[in-house]
Structure formats: C-alpha cells, structure tokens
Amino acid sequence: MASREFDPRRLDVAAFAAAAGELAGEFAAEALPRLRSATLAPAADSPRPGVRWQIDGERRLLAGAGVQPSLWVTASTEVSLECQRCLQPMRLPLRAERRIFFVDGEDTAAALDAENDDDVLALTPVLDLPALIEDELLLALPLVPRHEVCPQPLPLGLVGEDPPAASADHPFAALAALKQGSRPN
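Worth saying up front: this structure is predicted, and the values here are computed from it rather than measured.

Here is what the cut-offs are and how they apply
- Residues numbered from 1 in each chain as written.
- Predicted model: local features only at pLDDT ≥ 70, side-chain atom pairs only at ≥ 80, totals over all residues.
- Heavy atoms only, no water.
- Helix = DSSP H or I, 4+ residues; strand = E, 2+ residues; numbered from the N terminus.
- Buried < 20%, exposed > 50% of the residue type's maximum accessible area, 1.4 Å probe, protein only.
- Contact = heavy atoms within 4.5 Å.
- Areas by Shrake-Rupley, 256 points an atom, 1.4 Å probe, with all protein chains shown as cover.
- Expected span 1.5 Å × (residues − 1).
- Salt bridge = Lys/Arg side-chain N within 4 Å of Asp/Glu carboxyl O.

Trainee: When you look at the overall build of the protein chain in this model, what are you seeing that I'm missing?
Mentor: Across its full length, the protein chain carries 5 helices and 5 strands. Walking the protein chain from its N terminus toward its C terminus, one meets helices and strands in the order α-β-α-β-β-β-α-β-α-α. Taken across its 185 residues, the protein chain has 34% of its residues classed as buried. Restricting the contact set of the protein chain to residue pairs at least 6 apart, pairs at least 24 apart contribute 62%. Accessible area of the protein chain: about 12100 Å², with a carbon and sulfur share of 53%.

Trainee: Hey, could you run me through helix H4 (residues 129-140) in this one?
Mentor: For an α-helix, the turn length of 3.6 residues means that residues three or four places apart are oriented alike. For H4, with 12 residues, the first-to-last C-alpha span of 17 Å sits near the 16 Å given by 1.5 Å per residue. Looking at H4, one finds that the buried residues are Leu129, Pro130, Leu132, Ile133, Glu134, Glu136 and Leu137. Lining the buried residues of H4 we find strand E1 (22-27), helix H2 (33-37), strand E2 (51-62), strand E3 (66-82), strand E4 (89-103) and strand E5 (119-122).

Trainee: Any chance you could explain the pattern of salt bridges here in plain terms?
Mentor: Between side chains of opposite charge, a pair can form as their charged atoms come close. Scanning the model with the defined rule gives 8 salt bridges in all. For the salt bridge of Asp135 with Arg34, the shortest nitrogen-to-oxygen distance reads 2.8 Å. Taken together, the residues span a long stretch of sequence, with Asp135 in helix H4 and Arg34 in helix H2 at a distance of 101 residues. The exposure class assigned to Arg34 is partly exposed, which follows from its relative accessible area of 38%. With its nearest N and O atoms 2.7 Å apart, the salt bridge here joins Arg91 to Glu78. Note that Arg91 is positioned in strand E4 and Glu78 in strand E3, a separation of 13 residues in sequence. Arg91 sits in the partly exposed class, given a relative accessible area of 38%. Accessibility expressed as a relative area gives 34% for Glu78, which makes it partly exposed.

Written out as structure tokens, the structure is:
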C-alpha cells in the first residue's frame, strides 16, 4: 500500500489518524504571527528561531466516546520575553506537548473536554496545523515571565525599601506635626 502525503496546512485528521501518520518539520517564526506578536523581537544580530514540530496520529480510546482520531503534538522553539521583575529581555525555551482527540460535533467536544484530561476538539474536514501549534505554544507561555536571577541589580526603591519619610514640603506635613504635638503624654 502506498503511503499518502499529508499537507500540514490542510490536514485531514481522520485519515491521518487512521493511517497512523507521522509528520515533522519546522515553521518559520514569520508563519506564526500571534506568537511573534506575544514575544519580543530578538536582538538585532540574531534572527527569530523557527518552531520545530512533530505530530503522530492514531485512533485511541477516549473515555465516554469510544475509539476516536487523535494527534500527539509536540513543538519547541526559543522566545524572547520581558522579565516582569527587572523589565529586561530574557530568552526562554518554549515547549508544548499535548494529546488532542477529535470527535464529531462542537457540543460533544465541549462535553467530553470537560470530562477528560486530554483536549477534545470538534473534527473538521481540514485542520490548519500551524494554527494549532501556534495555539499550543501560546498556551505554554508563562503567565509571569521572570529570570531565576536577574542579570542586573534591581533599581533602588523597587524591592525591600521602605517608603521615604514625609518631608516638610508635603502638604500634610504641618498637619501631621500638629497632630503629633497634641497627643497627651
């Protein structure tokens, strides 16, 4: 039997899973505009790395739905994000791994997705694999990116410093002085 060619941009998930298909490749960062806009541009002397990906299709048992088409999706790249502690750029390896089942109908998918650890999506005639991989990488981004140890000391006044004492120029400084002077000893 001749092997069938599958197009990652218009993937027939049911046929791919039935054939126990395997695909791998790399997408250029420019092909994933939402991921590109959610991350910082790398330094001028280095290009954005591409996204390496692999998918494996098979038909597997899904609790509550019987045997269904599924994909095991892995993707990895390196992104630049802004550290939320020191506000400096940081490089972060990003990896996503997930099993996704496909079932007939949006309602069935929503009900089964709530009951299962694996993701469940509605089966469509064609799947845009780059968009799916981009979704998975966006979900893998940290909510609050931070260096383990910031490369530069934090500016004074940001961490562990008490607020400055009220100065005499403060509009309520005179009132505070009067209030302190009127307390009984």
